[in-house]
Amino acid sequence: MSDTTAAARREFGQGPLARAAALVYTQLVIEMLFLVTAAPCLALLVLLDRDASNVPLAAACALPVGPAWSAALYAWHRRSHDMTDLRPAAAYWRGYRANALDAVKIWTPWLVAMALIGTTLTHLGAAGIPTWWAALLALITVASALWLTNALVIASLFAFRVLDTARLAAYFLARSGKATAGNLCVLLAAAALTVAVSELVPALLASVLAAATLLNCRPMITEVRERFTE
C-alpha cells in the first residue's frame, strides 16, 4: 500500500464536514432513544392541565426521565470521534442498563421533594406561608436542581454508592463554580422554554441539553476521575 493511499485512509472522516455529520448523527440518535424511553409518561405530562392540583401527578409522570437522562449523558460521554465506530445507540442502552437503578435512587427522592415544594408554592394563601418562606423554598428548588445535575452526571459516569454520589455532588456545587453557573444557565433555559412554550420542548432538546451539561461538568468529571477513582 502506498503512503498516499494510507494517508488518504487516515484522513477519511477527519474533515470538519465529517465531524459535523457525526455530531448531528449522534445527537439525533440519542434524542430519539431518549424520547423512546421517556415519551410515554412525557405524553401524559404534556396532556395535564397547568393546575396546582396536578403537581404530584406531573412528578409521577416525570419518573422515567431520570434514567433516560442518565443514559443520554453516558452516551455522549462515550461518543467516539472515529467515523468507523459511531455507535451511540449501543452506548445509550449500555448506559441505561448500567445506571438506571442508581439514577432512580437519586431522581425519585428529588421528584418527591419537588412535588411537596411545588404543592406548597401553589397553595401559599391556603397554607398561610409568608413571602420570605416562599422565596426560601424557591432558592432550595434551584440549589437542589443544580445538585441533582451533578449527581446524575457522577452516577452516569462512575460507579459510586448513591450516598457517596450525593456527597460528591454537593461538594462540587461550590468547588466547581463555573460548572455550577453553566448548569444554572442550562436549567434556566429549559425552565423558560417549559413556561413559555410547552413541557415537550425541553424533551425535544434533551440530547442538546445533555451535551451542554457534560461540557459544563468537564472539570468536575476530570477531578472525580483523578482524585476519587485512582
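Residues numbered from 1 in each chain as written. Predicted model: local features only at pLDDT ≥ 70, side-chain atom pairs only at ≥ 80, totals over all residues. Heavy atoms only, no water.

## Let's talk about a nonpolar patch on the surface
- A contiguous nonpolar surface patch, about 520 Å² in accessible area, is contributed by Val46, Leu193, Val197, Leu200, Leu204, Leu205 and Val208.
- Mapped onto the elements of the fold, leucine 200 is located in helix H10 (residues 200-204). (Patch = residues over 30% accessible without salt bridge, like charges linked within 9 Å, V, L, I, M, F, W, Y side chains within 5 Å. Areas by Shrake-Rupley, 256 points an atom, 1.4 Å probe, with all protein chains shown as cover. Salt bridge = Lys/Arg side-chain N within 4 Å of Asp/Glu carboxyl O. Helix = DSSP H or I, 4+ residues; strand = E, 2+ residues; numbered from the N terminus.)

## Comments concerning the packing of helix H7 (residues 131-157) against helix H9 (residues 177-196)
- Here H7 crosses H9 at 110°, and the two axes come no closer than 10 Å. Here H9 runs roughly perpendicular to H7, going by the angle between their axes. Across the interface between the two elements, Val142, Ala145, Leu146, Thr149 and Asn150 from H7 touch Thr180, Asn183, Leu184 and Leu187 from H9.
- Tallied by class, the residues present in the contact of H7 with H9 amount to 5 nonpolar, 4 polar and no charged. (Axes fitted to C-alpha atoms, helices over the stretch in contact; angles between N-to-C directions. Parallel < 35°, antiparallel > 145°, perpendicular 65-115°, else oblique. Contact = heavy atoms within 4.5 Å. Nonpolar A, V, L, I, M, F, W, Y, C, P; charged D, E, K, R; others polar.)

## Notes on the nonpolar core
- If you look at the biggest cluster of nonpolar residues, it comprises 52 residues, and the most contacted ones within it are Phe34, Tyr92, Trp107, Leu152 and Val153.
- Among the secondary structure elements, those contributing two or more residues to this core are helix H2 (16-47), helix H4 (65-77), helix H5 (88-121), H7, helix H8 (162-175), H9, helix H11 (206-216) and helix H12 (218-228).
- With residues up to four places along the chain from it excluded, the contact list for tyrosine 92 reads Ile30, Leu33, Phe34, Thr37, Ala68, Ala71, Ala72 and Ala75. (Core = buried A, V, L, I, M, F, W, Y, C linked by side-chain atoms within 4.5 Å. Buried < 20%, exposed > 50% of the residue type's maximum accessible area, 1.4 Å probe, protein only.)

## Describing the packing of aromatic side chains
- By the definition in use, this model includes 6 aromatic pairs.
- Aromatic side chains tyrosine 92 and tyrosine 96 sit 6.4 Å apart centroid to centroid with 20° between the ring planes, which places their arrangement in the stacked category. Taken together, the residues span about one helical turn, with tyrosine 92 and tyrosine 96 both in helix H5 at a distance of 4 residues.
- Taken together, the aromatic side chains of Tyr92, Trp93 and Tyr96 make up a single cluster linked through ring pairs. (Phe/Tyr/Trp six-rings, centres within 6.5 Å; stacked < 30°, edge-to-face > 60°.)

## Here we look at the pattern of salt bridges
- On inspection of all chains with the given rule, the structure shows 4 salt bridges.
- Between aspartate 164 and arginine 161 there is a salt bridge; the shortest N-O distance is 3.0 Å.
- Residue classification places arginine 161 among the exposed residues on the basis of a relative accessible area of 57%.
- With its nearest N and O atoms 3.1 Å apart, the salt bridge here joins arginine 175 to glutamate 223. With arginine 175 in helix H8 and glutamate 223 in helix H12, this residue pair connects regions lying 48 residues apart in the sequence.
- You can call arginine 175 partly exposed: its relative accessible area is 48%.
- Here the salt bridges share partners, and the residues they tie into one network are Arg161, Asp164 and Arg167.

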